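Each chain, letter by letter, is given below.
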Amino acid sequence: MSTKPLTSEPVEDFVSRLEAMTDDELFVIMNDLEKASEAAKGGAAEEILARIALTESEIERRYPGRLLAPYRDWKQRQPLL
């Protein structure tokens, strides 16, 4: 997967898009960012990690007190990940 679409849009637009996503869409973005972070180097890695933090914050906002448990549960239910 290309990291360009995930990191090319302005941060404000990325955050707005996260807020409007369904839970499944949000979890797919988180999964894609995690995969991208494993392959990224230098400044790209920093940008991806920053967007992971924003995505984590959105998940935690939707599921107060559960941290990333909903995302981990979702990942376990995905047979193709």
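Here the structure is shown first, and the text comes after it.
What comes next is a walk through the structure. (Residues numbered from 1 in each chain as written. Predicted model: local features only at pLDDT ≥ 70, side-chain atom pairs only at ≥ 80, totals over all residues. Heavy atoms only, no water.)

A few words on the overall build of the chain. If you tally the helices and strands in the chain, you get 5 helices and 0 strands. In summary, the chain has a C-alpha radius of gyration of 12 Å against a globular reference of 12 Å for 81 residues, a match within 12%. Projected onto its principal axes, the C-alpha coordinates of the chain cover approximately 30 × 30 × 20 Å. By residue count, 31% of the 81 residues in the chain fall in the buried class. Nonlocal contacts in the chain, meaning residues at least 24 apart in sequence, comprise 63% of its contacts between residues at least 6 apart. Here the chain displays about 5,100 Å² of accessible surface, and carbon together with sulfur accounts for 53% of that area. Computed over 11 positive and 16 negative side-chain charges, the separation of the two mean positions in the chain equals 4 Å. (Helix = DSSP H or I, 4+ residues; strand = E, 2+ residues; numbered from the N terminus. Rg over C-alpha atoms; globule rule 2.2 N^0.38 Å. Buried < 20%, exposed > 50% of the residue type's maximum accessible area, 1.4 Å probe, protein only. Contact = heavy atoms within 4.5 Å. Areas by Shrake-Rupley, 256 points an atom, 1.4 Å probe, with all protein chains shown as cover. Lys, Arg positive; Asp, Glu negative; His and termini not counted. Charge placed at Lys NZ, Arg CZ, Asp CG, Glu CD.)

Structurally, Glu 9 is set in the loop between α1 (4-8) and α2 (11-20). Judged by its relative accessible area of 16%, Glu 9 is buried. A distance of 2.6 Å separates the side chain of Glu 9 from the side chain of Arg 17, its partner in a polar contact. The residues touching Glu 9, leaving out its near neighbours within four places in the chain, are Phe 14, Arg 17 and Arg 51. (Polar contact = N/O pair within 3.5 Å; in protein donor to acceptor, adjacent residues only side chain to side chain.)

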